[in-house]
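# Examination of the molecular architecture
Each chain, letter by letter, is given below.
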Amino acid sequence: MTAGLLTAREAGLVTCETCALLLRAQAAHNAGHCPRCGGAVESRRERSIERTWALVIAAAICYLPANLLPVMVTSALGKTEPDTIMGGVVFLWSSGSWPLALIVLVASVMIPLGKLLALAYLLLAVQRGWLGDRRQRTRLHRMVELIGRWSMLDVFVDTFTVALVQLSPLMVVKPGPGVVFFALVVVLTMLAAESFDSRLLWDRPLEQGRADGD
Amino acid sequence: MSEDRALRPTGVEVVACHGCDLLQRVPPLAPGDRARCSRCGALVGARSRDPLELPLALVVAALIVLAVANLAPLMELSAVGRHASTTIVGGARQMWLDGQRITASIVAFCAVVAPASYLVCMLAVLLAVRRSMVPAWVGGVLRLAKSMQAWAMLEVMLLGILVALIKIAELAKVHPGMGMLAVGCLVVLFPAIAVTFDADDVWRRIAWAHVDPAPDDHGARRGEATA
């Protein structure tokens, strides 16, 4: 134990994650609801690791069709042309708006992949009890939570392109089957980042049994 | 009870960091100050300069602008004598009609339902905390507002619309509409609400109303977890 540092769990307390009210812990696991805001109060979120893994794996499965299937199908003058996410990036790049191509590339391809890798790394760090810079890892988790929403960008691009380009029979854009997978990747990774309990990074594996003794 | 004393030292608040669970004392903060966890760097306290009036004004403004953003067309397109225009809901509706119901629901939630619920909840909270006896439901409503805030993605939507505009501009003439301007205003108003609003201050007021206050302590943070 580090001298002088005491966590709420070690002190027999739990904190409400919504309103930060400190409460005396009654049971080690199911501590009930916060009397002030009604939110669930848990010393560590129940099954945080399992839930986060499940969401990360589900998102990783959706990631493949999201990138391989077309997100938009353009039909103009009898010709139909499917458009994948990467296709959209290439289109923006070749039409000269490379700053936008870069934004879409970062938001749609790199952020979702980076989130999956970061969450898997954080989960392994907790499960294997990896030593190292835990402050850095907590910051990584905060960053994943903060940045995650931006990968919704492409869903909005597709939605408004589809909504606007309805000039039948001249030119019609329809959503492709990839867009739902893409939206699911974003939602699932956001839920995964939310369900990961960063306090677990700071609990050393040997101490797990200690706090229950009260 | 020594534990009881540890929970309420005079003038100093004890909090458990939500990032790493470390118990620490947060000294009284001056308006505009922020406190970070000494171990993991997460925000453990903040005090804003004008915690009630300014956010209330901003929330009312945002509600009006949100109505405009949803009613006025976002952009109009004209090509070879034909016109088309769309609104935010129109975007989700077209997705729904094209068979992408899940995507349409996600878009509608992130672009309309979540921002609107967030603003309505915040309005209720900010009006209720002005009363001398803060009603007990405020806690639950503020909790709902916080969870809606995470899913309100107006700034992402605005960037998405701009990218779509530039893509379509290759093929046809597009004019940004009034709705676009309104979304632009909302993108500024939402962070402004978040920055000026002081959740800690509101939580403290609810604690006063909800948990019977001991006569001597200042902002008692006491309560028993009920199983």
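Please read all numbers here as calculations on a predicted model, not as lab measurements. (Residues numbered from 1 in each chain as written. Chains lettered and ligands numbered in written order. Predicted model: local features only at pLDDT ≥ 70, side-chain atom pairs only at ≥ 80, totals over all residues.)

Let us now look at the overall build of chain B. A count of helices and strands for chain B gives 8 helices and 7 strands. The buried share of chain B, taken over its 227 residues, is 39%. Sequence-distant contacts, at least 24 apart, represent 57% of the contacts inside chain B between residues at least 6 apart. (Helix = DSSP H or I, 4+ residues; strand = E, 2+ residues; numbered from the N terminus. Buried ≥ 20, exposed ≤ 12 C-beta atoms within 10 Å, placed from the backbone. Contact = placed C-beta atoms within 7 Å.)

Attention now moves to the environment of Val112 of chain B. All names here are of chain B. Its place among the elements puts Val112 in helix α4 (residues 101-128). For the pair Val112 and Arg36, spaced 76 residues apart in sequence, the C-alpha separation works out to 33 Å. Once residues within four sequence positions are removed from consideration, Val112 is found in contact with Asn70, Ile88 and Val89.

Here the focus is the sheet that holds strand β4 (residues 79-83) of chain A. The strand order across the open sheet built from 4 strands is β4-β3-β6-β5 (chain A), with neighbouring strands paired in antiparallel fashion. Of all the strands in the sheet, the pair left with one neighbour each is β4 and β5 (166-167) of chain A. (Pairing = 2+ DSSP bridges.)

Attention now moves to the domain arrangement of chain A. When its domains are assigned, chain A resolves into domain 1 (1-43) and domain 2 (48-206). Computed from C-alpha atoms alone, the centre-to-centre distance between domain 1 of chain A and domain 2 of chain A is 33 Å. (Domains from an automatic or database assignment.)

On to the sheet that holds strand β7 (residues 173-176) of chain B, then. Residue and element names in this part refer to chain B. A sheet is described by the order of its strands in space; here 3 strands give the open sequence β6-β5-β7, paired in antiparallel fashion. If you trace the sheet from one side to the other, it starts and ends with β6 (82-86) and β7, each paired once. The sheet shows a mean angle of 20° between the axes of neighbouring strands, taken without regard to direction. By the bridge criterion, 5 bridges tie strand β5 (residues 75-79) to β6 in an arrangement that is antiparallel. (Axes fitted to C-alpha atoms, helices over the stretch in contact; angles between N-to-C directions.)

Taken domain by domain, chain B holds domain 1 (2-47) and domain 2 (53-206). Each of domain 1 of chain B and domain 2 of chain B was reduced to a C-alpha centroid, and the two centroids are 33 Å apart.

For the rest of this paragraph, the subject is the interface of chain B and chain A. Listed as interface residues are 61 residues of chain B and, on the opposing side, 66 residues of chain A. Looking at the side of chain B that touches chain A, the element that brings in the most residues is helix α6 (residues 154-169) of chain B, giving 10 residues. Here the residues of the side of chain B that touches chain A sort into 37 nonpolar, 15 polar and 9 charged. (Nonpolar A, V, L, I, M, F, W, Y, C, P; charged D, E, K, R; others polar.)

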